[in-house]
2 protein chains.
Amino acid sequence: MDGPLLVLDRRDGVPLGAQLVDGVRRGILGGLLAPGDAVPSTRALAAELGVSRSSVVAAYEQLAGEGYLELRQGAPTRVARLVVEHEASAPPPDRMPANPSGRAALGEHPVHRIDLLPGSPSTARIDERAWRSAWRQAAAAPIPRLSPPRAGLTGLREEIADHLRRARGVACTSDDVVVTAGTSDAVALLGAALLELGRDRDARHGTASGPPVVAVEHPGYPSARRLLERRGLEIAPLPVDADGLDLAALQRLPRPPQAVMITPSHQYPLGGRLPVASRLELIDWARGAGALIIEDDYDSEFRHLGAPLPALASLDRLGAANPANPDDGPRAAARTVLVGSFSKVLTPWLRIGYLVLPGDPALRAAIDRIRADETCPVPGVAQEAMRAFLASGALRRHIAATRRDYAHRRRMVQDALDGLPGAPLSGLDGGLHAVVGLADAETSARIVARLADDGVAVAPLADYSAVAGVRPGGLVFGYAGVGDALLGEGLARIRAALVETLDLRGDAD
Amino acid sequence: MDGPLLVLDRRDGVPLGAQLVDGVRRGILGGLLAPGDAVPSTRALAAELGVSRSSVVAAYEQLAGEGYLELRQGAPTRVARLVVEHEASAPPPDRMPANPSGRAALGEHPVHRIDLLPGSPSTARIDERAWRSAWRQAAAAPIPRLSPPRAGLTGLREEIADHLRRARGVACTSDDVVVTAGTSDAVALLGAALLELGRDRDARHGTASGPPVVAVEHPGYPSARRLLERRGLEIAPLPVDADGLDLAALQRLPRPPQAVMITPSHQYPLGGRLPVASRLELIDWARGAGALIIEDDYDSEFRHLGAPLPALASLDRLGAANPANPDDGPRAAARTVLVGSFSKVLTPWLRIGYLVLPGDPALRAAIDRIRADETCPVPGVAQEAMRAFLASGALRRHIAATRRDYAHRRRMVQDALDGLPGAPLSGLDGGLHAVVGLADAETSARIVARLADDGVAVAPLADYSAVAGVRPGGLVFGYAGVGDALLGEGLARIRAALVETLDLRGDAD
């Protein structure tokens with residue numbers, strides 16, 4: 001390297017460590033440092049810049065975590081073979097991105113060089129030794145000749161209950177947990193149970209009340225909605241605003257819903273968080289109506305702004321009656337089912353999720369009957385491996401490390417896209433995706449198409465509409481699934497597409 | 001040991017090897033040899049009996065495979081800690097037996113010392129080294145950040161197609177295969193596709209034709225039937241006889257079915273095999289009606305009597321038109337979907353199954369749409385492990401070895417139960433379960449209850465009824481899931497229960 005790699009500004013309010021990280025990162029992205037180049041030793045750089053060696057070590061470690069540097073025991077630290085080169089290759093045909101519109105047929109996806117479709121986490125920091133060891137341990141156990149137990153392996157259910165007590169404040173035990181093949185299977189199981197409970201009620205009362213109604217957020221998670229419709233449930237859309245679900249709309253529905261499916265911690269996709277007062281109101285309504293609240297807690301482990309709120313299920317369970325305890329009679333029973341998975345905190349490759357059930361004996365009996373016929377779909381070995389991985393503490397460490405990465409990526413998103421007139425950035429208080437508001441669906445579709453031509457995949461907000469014919473304008477994209485370098489490139493292209501399509505050149509450049 | 005272990009009869013028509021195996025087995029079961037006892041070395045026994053040493057080695061290996069002997073490199077061969085002791089302990093709470101009636105709640109199963117409920121294979125001979133190596137290999141791969149591809153991993157689909165070409169004569173490729181979480185998920189996916197196709201048709205023609213009808217066997221597989229009903233499909237029962245499905249009844253149904261679900265290779269549970277003429281007739285009907293044949297090929301790898309027939313799907317594909325080829329226009333397209341799993345040939349613990357689809361583009365598009373929303377539920381690591389296990393040849397070897405074990409167990413069943421008046425034994429031409437016919441459901445229920453008191457779990461045939469109020473008499477039990485010693489004990493108790501309940505003492509003893 002010729003000349004100084006970076007100069008620190010001691011008057012700047014930015015901490016020296018952050019300046020160090022930022023300087024090296026810019027050196028790499030700007031081409032000053034090429035892949036494979038050795039960077040100065042921590043001792044040499046510390047001396048040159050007049051900072052402590054531990055600051056440089058910390059900065060290099062962060063950069064290695066972000067994929068910029070390669071640390072090797074006993075060898076000089078080098079600039080990584082760039083994440084760009086590595087990730088820019090077409091995904092293997094086996095790894096087609098999930099598509100919220102669900103329209104393209106298998107094998108017909110355009111291959112995007114920079115896949116920013118929401119839903120992909122970063123897997124770069126998974127402790128591979130703990131991962132391999134968990135699977136090895138699971139595969140070494142004797143091979144049973146039966147299906148996995150209906151509710152899932154007790155050991156895994158205990159670890160999940162433990163995880164939720166710590167991470168989400170939900171006072172639950174393994175008895176409340178049902179292991180599922182991800183969120184889809186969890187929602188499908190609840191849908192089947194609602195249908196069964198509806199038929200039972202009709203049979204008891206000699207009525208024909210029609211299919212159960214599930215109120216869903218609009219815009220909201222499209223595949224869960226279609227999954228329920230496909231199974232014959234009726235969907236009632238409820239509008240969301242900056243605070244999440246509009247509860248007043250719940251009272252105006254033509255048929256009272258048997259369930260409300262909601263993302264209270266971080267509305268999907270718009271990002272609002274349901275305030276505590278609304279949570280209490282929703283719980284009151286559900287207890288009064290005997291309806292279920294289906295809480296989809298899909299990315300709440302990652303909260304970037306504001307104190308995290310415990311799960312709605314946690315609030316609901318506080319002071320709720322236990323139906324198994326006759327002394328609890330006069331108090332109302334909890335009505336919230338928590339739906340979660342390891343897709344966002346680890347990888348959707350795993351297909352492992354869970355339900356946390358309230359005490360409701362009829363709901364539990366229906367789910368037990370369904371699983372008795374259809375069996376728990378999660379392979380026993382995968383359940384045992386997940387149990388071992390959780391027990392090792394590797395997930396807790398992974399979430400902590402990844403949370404820092406996502407906070408950094410989130411800043412990259414803000415740096416690139418905040419403040420564009422007519423394109424407000426939102427949804428960034430938590431999670432791993434963001435939303436760019438746009439005036440109409442047509443402009444959005446043009447921008448999505450232009451980005452696709454540019455090799456960048458993002459989703460139009462219109463794909464999340466729960467009302468036929470209503471197509472809100474906006475873009476939804478994830479910032480976790482690709483490395484920093486690719487994300488930076490993708491964000492630059494999104495900005496360019498917005499600036500050109502919205503004709504903001506004068507305003508924004 | 002005092003005195004000769006056994007004496008071979010050279011005039012007897014039974015081969016000396018079989019006499020050898022039989023003699024040692026009787027010695028162990030009769031208590032002549034105790035668990036832990038060393039048996040004579042192969043050299044010593046060969047010399048004593050005047051047979052070749054390789055005959056003794058082969059006999060010891062077979063007995064070790066059956067669980068009677070323990071072979072250890074460099075140590076004397078010993079009588080195994082008896083399978084009875086090992087298996088008689090209560091199953092861990094995680095491993096409750098599948099229950100065809102689906103009535104008891106989780107945790108309420110009586111614990112049976114000898115679990116002969118149908119559906120459990122033997123896992124004793126699984127090549128554990130190949131198993132562990134497959135999972136290790138799968139866990140060592142980089143961890144993707146996406147869901148598994150909709151139809152499953154291409155590599156696994158190729159191995160499944162290869163397996164079916166060899167084992168079932170089905171000329172298919174990986175493009176025809178969809179990976180599922182066992183048979184339940186496969187049937188559920190087909191049910192969802194039938195509902196979707198029905199709605200599409202109604203929308204096109206402006207009609208409201210009601211839920212699709214699926215014709216099922218009566219008696220037949222109860223949980224698949226309930227699964228379809230639970231999803232809103234209409235079930236039409238068709239009687240079965242000794243040859244399997246009664247096709248004439250198909251014409252008499254009040255509403256024409258969109259699909260027929262059938263077990264042509266080995267009717268579940270009665271055991272009949274659909275003759276080729278009926279297969280052709282069924283295919284003709286399906287082509288004419290545009291209906292699907294859902295072939296549940298659940299245990300056809302194990303055929304004990306008569307030449308195995310290729311899958312019905314294989315016959316259907318012969319000479320069928322390929323919808324992708326416009327020149328094939330005038331010929332009819334295949335209508336059979338093959339449903340299979342690794343639950344019987346390996347273990348239901350795996351939860352891996354598959355569909356083999358005919359060319360039908362509308363069906364394929366519907367399944368693709370559903371999987372796009374709901375994702376493939378099988379963990380990527382489990383798919384990769386199964387691919388590696390298949391590629392290693394371990395499944396092929398396992399099936400060959402297990403087939404011999406089951407043939408032996410089947411003879412044990414015949415020896416114990418054949419020829420009891422009023423209790424005809426059937427269903428034994430293939431697979432891993434048997435049926436005892438009984439005059440009525442009340443007698444059957446009495447015998448099932450008595451056996452439960454005796455610690456033996458079997459299923460009443462009435463649980464398989466597809467017609468409300470019709471309860472055929474009979475018992476269904478599996479002979480694969482427990483070791484020889486436990487099976488022998490269970491069969492003796494079944495025989496005793498039959499003899500006493502039917503008052504056959506004079507006839508049968």
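Everything below is about the structure shown above.
So, here is what we can say about the structure in this document. Because the structure is predicted, anything quoted here is derived from the model rather than measured.

Remarks on the packing of helix 6 (residues 154-168) of chain A against helix 13 (residues 380-391) of chain A
A pair of packed helices is characterised by two quantities: the angle between their axes and the separation of those axes.
All names here are of chain A.
Line of reasoning, step 1. The contact between helix 6 and helix 13 brings their axes to 8 Å, and the two run at 40°. In terms of orientation, helix 6 lies oblique with respect to helix 13. Regarding helix 6 and helix 13, the two cross each other, and that crossing is left-handed. Residues G155, L156, E159 and I160 of helix 6 form the contact with helix 13, whose participating residues are Q383, M386, R387, L390 and A391.
Line of reasoning, step 2. Here the contact of helix 6 with helix 13 is built from residues that sort into 5 nonpolar, 2 polar and 2 charged.

Structural notes on the pairing of strand 2 (residues 75-79) of chain B
All names here are of chain B.
Line of reasoning, step 1. Pairing of strand 1 (residues 69-72) with strand 2, which is carried by 3 bridges, proceeds in the antiparallel orientation. Looking across to strand 2, one finds that E70 is bridged to R78.
Line of reasoning, step 2. The turn joining strand 1 and strand 2, which pair antiparallel and follow one another in sequence, is formed by 2 residues; a positive phi near 75° is taken by G74.

What about the relation of the copies chain A and chain B?
Line of reasoning, step 1. Once chain A has been moved 0.1 Å along the axis and rotated by 180°, it coincides with chain B to within an RMSD of 0.2 Å. Put plainly, the chains are arranged around a two-fold axis.
Line of reasoning, step 2. Both copies present the same face, since 100% of the interface residues in chain A are matched by interface residues at the equivalent positions in chain B.

Considering the pairing of strand 9 (residues 292-296) of chain B
Residue and element names in this part refer to chain B.
Line of reasoning, step 1. Burial of strand 9 is extensive: 5 of the 5 residues sit out of reach of the surface.
Line of reasoning, step 2. In terms of strand pairing, strand 8 (residues 259-262) meets strand 9 through 4 bridges, oriented parallel. Across the sheet, the residue bridging to M261 is I294, located in strand 9.
Line of reasoning, step 3. Once you follow strand 8 into helix 10 (residues 276-289) and on to strand 9, the crossover reads as right-handed.
Line of reasoning, step 4. Summarising the sheet, strand 9 and strand 10 (residues 336-341) pair through 4 bridges and their orientation is parallel. Across the sheet, the residue bridging to I293 is T336, located in strand 10.

Things to note about the nonpolar core
Line of reasoning, step 1. A:F342, A:L417 and B:F342 are the most contacted members of the largest nonpolar core, which totals 150 residues.
Line of reasoning, step 2. When sequence neighbours within four positions are dropped, the list of residues in contact with A:L417 reads A:L425, A:V436, A:F477, A:L491, A:I494, A:R495 and A:L498.

A word on the state of the cysteines
All names here are of chain A.
Line of reasoning, step 1. If you walk through the whole model with that rule in mind, you get 0 disulfides over all chains.
Line of reasoning, step 2. Left without a disulfide partner, C172 is nearest to the cysteine sulfur of C376, which lies 17 Å away.
Line of reasoning, step 3. Accessibility expressed as a relative area gives 2% for C172, which makes it buried.

Description of the pattern of salt bridges
Line of reasoning, step 1. What the rule picks out here adds up to 52 salt bridges over all chains.
Line of reasoning, step 2. Across the pair A:R317 and A:D176 runs a salt bridge whose closest N-O atoms are separated by 3.5 Å. Within this pair, whereas A:R317 is found in helix 11 (residues 312-317), its partner A:D176 is found in the loop between helix 6 and strand 4 (177-180), the two being separated by 141 residues in sequence.
Line of reasoning, step 3. Under the relative-accessibility criterion, A:D176 is labelled buried at 11%.
Line of reasoning, step 4. Put simply, B:R230 and A:D373 hold a salt bridge, and the shortest N to O gap is 3.1 Å. Here A:D373 lies in helix 12 (residues 361-374) and B:R230 lies in helix 8 (residues 222-230), a pairing that spans two chains. Of the two residues examined, B:R230 and A:D373, each falls in the buried class.
Line of reasoning, step 5. Among the charged side chains, a network of salt bridges with common partners joins A:E196, A:D200, A:R369, A:D373, A:E374, B:R226, B:R230 and B:R231.

Quick word on the interface of chain A and chain B
Bring the parts together and some accessible area is lost; that lost area is often taken as the interface size.
Line of reasoning, step 1. In this complex, chain A contributes 69 residues to the contact, which on the side of chain B involves 69 residues.
Line of reasoning, step 2. Interface of chain A and chain B: buried area, both sides summed, is about 6,300 Å²; carbon and sulfur atoms make up 55% of it.
Line of reasoning, step 3. The largest per-residue losses of area from chain A upon contact with chain B belong to A:R145, A:R230 and A:W349, which jointly make up 15% of the total buried on that side.
Line of reasoning, step 4. The interface formed by chain A and chain B contains 10 salt bridges.
Line of reasoning, step 5. One salt bridge connects B:R231 with A:E374, and the closest N-O pair in it is separated by 3.1 Å.
Line of reasoning, step 6. Scanning the region where chain A abuts chain B turns up 35 residue pairs in polar contact (both at pLDDT 80 or more).
Line of reasoning, step 7. Mapped onto the side of chain A that touches chain B, the elements with two or more residues apiece are helix 5 (128-140), helix 6, helix 7 (182-205), helix 8 (222-230), helix 12 and helix 13 of chain A.
Line of reasoning, step 8. With 7 residues, helix 5 of chain A is the largest single contributor of residues to the side of chain A that touches chain B.

Reading the values: the criteria
Residues numbered from 1 in each chain as written. Chains lettered and ligands numbered in written order. Predicted model: local features only at pLDDT ≥ 70, side-chain atom pairs only at ≥ 80, totals over all residues. Heavy atoms only, no water. Axes fitted to C-alpha atoms, helices over the stretch in contact; angles between N-to-C directions. Helix = DSSP H or I, 4+ residues; strand = E, 2+ residues; numbered from the N terminus. Parallel < 35°, antiparallel > 145°, perpendicular 65-115°, else oblique. Left-handed = near helix turned anticlockwise from the far one by under 90°. Contact = heavy atoms within 4.5 Å. Nonpolar A, V, L, I, M, F, W, Y, C, P; charged D, E, K, R; others polar. Pairing = 2+ DSSP bridges. Least-squares fit on C-alpha atoms with pLDDT ≥ 70 in both. Buried < 20%, exposed > 50% of the residue type's maximum accessible area, 1.4 Å probe, protein only. Right-handed = clockwise from strand over helix to strand, strands pointing away. Core = buried A, V, L, I, M, F, W, Y, C linked by side-chain atoms within 4.5 Å. Disulfide = S-S within 2.5 Å. Salt bridge = Lys/Arg side-chain N within 4 Å of Asp/Glu carboxyl O. Buried area = accessible area lost by both parts, 1.4 Å probe. Polar contact = N/O pair within 3.5 Å; in protein donor to acceptor, adjacent residues only side chain to side chain.

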